[in-house]
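Chain by chain, the residues run as shown.
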Amino acid sequence: MRTGAAGIVVTGAIGWALPTFGVTLAAFIVVDGIAGLLRRRRRAAADPPAVA
């Protein structure tokens, strides 16, 4: 699933607003990176490689 420019804007807005709730931008980036890795692994497991 592609998020495009809207996803980038939403991610940036959340990262900018989180310090208001006591979460640092560094912590947000770490959590976002872990979530991205998990999503990528699930997608790779769901779509086995094509056999030629």
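Quantities reported herein were computed from a predicted structural model and do not represent experimental measurements.

Definitions and cut-offs
Residues numbered from 1 in each chain as written. Predicted model: local features only at pLDDT ≥ 70, side-chain atom pairs only at ≥ 80, totals over all residues. Heavy atoms only, no water. Helix = DSSP H or I, 4+ residues; strand = E, 2+ residues; numbered from the N terminus. Areas by Shrake-Rupley, 256 points an atom, 1.4 Å probe, with all protein chains shown as cover. Patch = residues over 30% accessible without salt bridge, like charges linked within 9 Å, V, L, I, M, F, W, Y side chains within 5 Å. Salt bridge = Lys/Arg side-chain N within 4 Å of Asp/Glu carboxyl O. Axes fitted to C-alpha atoms, helices over the stretch in contact; angles between N-to-C directions. Parallel < 35°, antiparallel > 145°, perpendicular 65-115°, else oblique. Left-handed = near helix turned anticlockwise from the far one by under 90°. Contact = heavy atoms within 4.5 Å. Expected span 1.5 Å × (residues − 1). Buried < 20%, exposed > 50% of the residue type's maximum accessible area, 1.4 Å probe, protein only.

### Overview of the overall build of the chain
Right, so step 1: When helices and strands are tallied, the chain shows two helices and zero strands.
Right, so step 2: Accessible surface computed for the chain: about 4,700 Å², of which carbon and sulfur atoms make up 70%.

### Thoughts on a nonpolar patch on the surface
Right, so step 1: Taken together, the side chains of Val30, Ile34 and Leu38 make up a nonpolar region of the molecular surface, amounting to roughly 270 Å² of accessible area.
Right, so step 2: Within the secondary structure layout, Val30 lies in helix 2 (residues 25-46).

### Observations regarding the packing of helix 1 (residues 4-17) against helix 2
Right, so step 1: The geometry of helix 1 relative to helix 2 is characterised by a closest axis approach of 8 Å and an angle of 140 degrees between their N-to-C directions. One element, helix 1, and the other, helix 2, form an angle in the oblique class. The two elements helix 1 and helix 2 meet at a crossing, and its hand is right-handed. Two secondary-structure elements touch here, helix 1 through Thr11, Ile14 and Gly15 and helix 2 through Leu25, Phe28 and Asp32.

### A closer look at helix 2
Right, so step 1: Between its first and last C-alpha atoms helix 2 spans 31 Å; for 22 residues at 1.5 Å apiece the expected length is 32 Å, and the two agree.
Right, so step 2: Along helix 2, only two of the 22 residues are buried, which leaves the element largely exposed.

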